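# Summary of structural features
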Amino acid sequence: MSLCFSFNGFTLHSTKGQRYKARIFSQCINQGQVISIPNSLSFDRFEFSKSFEFRRHRFSPIGASATTVDETTSSSFRNKNPKDINIVVVGSTGYIGKFVVTELVNRGFNTIAIARERSGIRGRSSKEETLNQLKGANVCFSDVTDLGKLEESLESLGVPIDVVVSCLASRNGGVKDSWKIDYEATKHSLVAGRKSGASHFVLLSAICVQKPLLEFQRAKLKFEAELMEEANKDKGFTYSIVRPTAFFKSLGGQVELVKDGKPYVMFGDGKLCACKPISEQDLASFIADCVLNKDKINRILPIGGPGKSLTPLEQGEMLFRLLGKEPKFLKVPIGIMDFAIWVLDSLVKVFPAMEDAAEFGKIGRYYAAESMLLLDPETGEYSAEKTPSYGKDTLEDFFDKVLREGMAGQELGEQTIF
């Protein structure tokens, strides 16, 4: 069992980590788009410090498939002051999760961040570093992959939970990890949250699930379906499913290379796909909006950043323009990836342990050719015009900053698949 500390309340304990890398598709993630991949979490138990701020109320336990919810809990939290709204964030130490926690804290919500004791890229961050990263939140070290432990952690808080925000996502997109995190751990968060009184669930998903060819997409969709079914069964329970486009950091992997005089690598003619990238801060703000905004209740919400959509070719041209250099591109035939995937799929039949390597190849191929834009159901085509925009941060400003300051803090880490 563990303990609990905090900056303005309490915290708890845990452990874990992993990784993968394959240079052959190394530029695909930079010209394509990446999934937000926070972290899996793990922990044990805790105690409260005297500074714990939450009001302690009694509430009835609620199962994930409950048909009713206490009306005062479900209908009244949106009418409370933010300081009286208790929000649990899972995946809080991930790339987007950290920004979401900060945004919720800045808006005055009582924020409980679930985290691993050793968090961050391959568990580099210590408990103390995690507490520092999540300042203002009550940090609870527990394990989202263990339903019993997660339920015990939330129940031991002694307060009702109003909202669960999930920023969980597979660390690498592997087959087993996808189902363990994108489906099972996220489902645990729903079940445990409902049992502790949560009447709203905000899910960070991904826009690419609209064309599910990969394992992590299928896992996400399975949970999305069950989340919507939960709301259908219980009218006192609501959800908001956020499907963002590309993140800035997933497009910044070639900045240093180009700055050093290397060519910008792209597949085909650089126009196979496009995206409307969104910054982590703008996305965190949109997710926080989903807590109280009634127009975001029980909706799937695709969201991109401001401005026009950009192809890899346009991203490369932008980078060279900022550097004041003549554009220099290396065009790689997409067929190379198709051949590599065929080889890997063949090897999996003989060596089943290679299933993740084959899946990574498919992920690379997907992001090299599929746009991170809304897929128009009427035309079957990706539509930049129909992809909603939000925020003020632009990719050009991000590139300019990275050219001056480097990619520190933007590492893909365990998400570095290509």
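Note that the structure is a prediction, hence the values are computed from the model and not measured.

### Considering the packing of helix H3 (residues 95-106) against helix H9 (residues 280-292)
Where H3 contacts H9, the axes come no closer than 8 Å and their chain directions differ by 55°. The angle between H3 and H9 falls in the class oblique. Here H3 runs over H9; the crossing is right-handed. Only Glu 280, Gln 281, Leu 283, Ala 284, Ser 285, Ile 287, Ala 288 and Val 291 of H9 make contact with H3, whose side of the interface consists of Tyr 95, Ile 96, Phe 99, Val 100, Glu 103 and Leu 104.

### Describing the sheet that holds strand S2 (residues 110-115)
The seven strands are arranged S3-S2-S1-S4-S5-S6-S8 in an open sheet whose pairing can be described as parallel. A single partner strand is all that each edge strand has here, and the edge strands are strand S3 (138-141) and strand S8 (299-303). Between one strand axis and the next, the sheet turns through 20° on average, direction left out of account. Where strand S1 (residues 86-90) lies against S2, four bridges are found, and the strand directions are parallel. Across the sheet, Val 89 pairs through a bridge with Ala 113, a residue of S2. The strands touched by H3 within the sheet are S1, S2, strand S4 (163-166) and strand S5 (200-204), with S2 carrying the most contacts at an inclination of about 160°.

### Structural notes on empty space enclosed by the protein
One pass over the structure, following the stated rule, counts three cavities of 30 Å³ or more. As a volume, the second largest cavity reaches approximately 50 Å³. In terms of lining residues, the second largest cavity is bounded by Leu 168, Asp 182, Thr 186, Leu 203, Leu 204, Ser 205, Lys 220 and Phe 223. For the lining of the second largest cavity, the secondary-structure elements that each account for two or more residues are helix H6 (175-195), S5 and helix H7 (215-233).

### Some thoughts on the confidence of the model for the protein chain
Keep in mind that low pLDDT regions are not for reading the predicted coordinates in detail. For the protein chain, the average pLDDT comes to 82, and 78% of its residues sit at 70 or higher. Ignoring residues within four places in sequence, the model shows residues 1-74, a span with pLDDT below 50, making 292 contacts including any to other chains. Below a pLDDT of 50 lies the segment residues 414-418, which in the model reaches 31 contacts outside its immediate sequence neighbourhood of four places, other chains included.

Conventions and cut-offs
Residues numbered from 1 in each chain as written. Predicted model: local features only at pLDDT ≥ 70, side-chain atom pairs only at ≥ 80, totals over all residues. Heavy atoms only, no water. Axes fitted to C-alpha atoms, helices over the stretch in contact; angles between N-to-C directions. Helix = DSSP H or I, 4+ residues; strand = E, 2+ residues; numbered from the N terminus. Parallel < 35°, antiparallel > 145°, perpendicular 65-115°, else oblique. Left-handed = near helix turned anticlockwise from the far one by under 90°. Contact = heavy atoms within 4.5 Å. Pairing = 2+ DSSP bridges. 1 Å grid on protein atoms, 1.4 Å probe; cavity = no way out; pocket = protein on both sides within 12 Å on 5 of 7 lines; lining within 4 Å. Points joined across faces, edges and corners; volume = space filled by probe spheres on them. pLDDT = per-residue confidence, 0-100.

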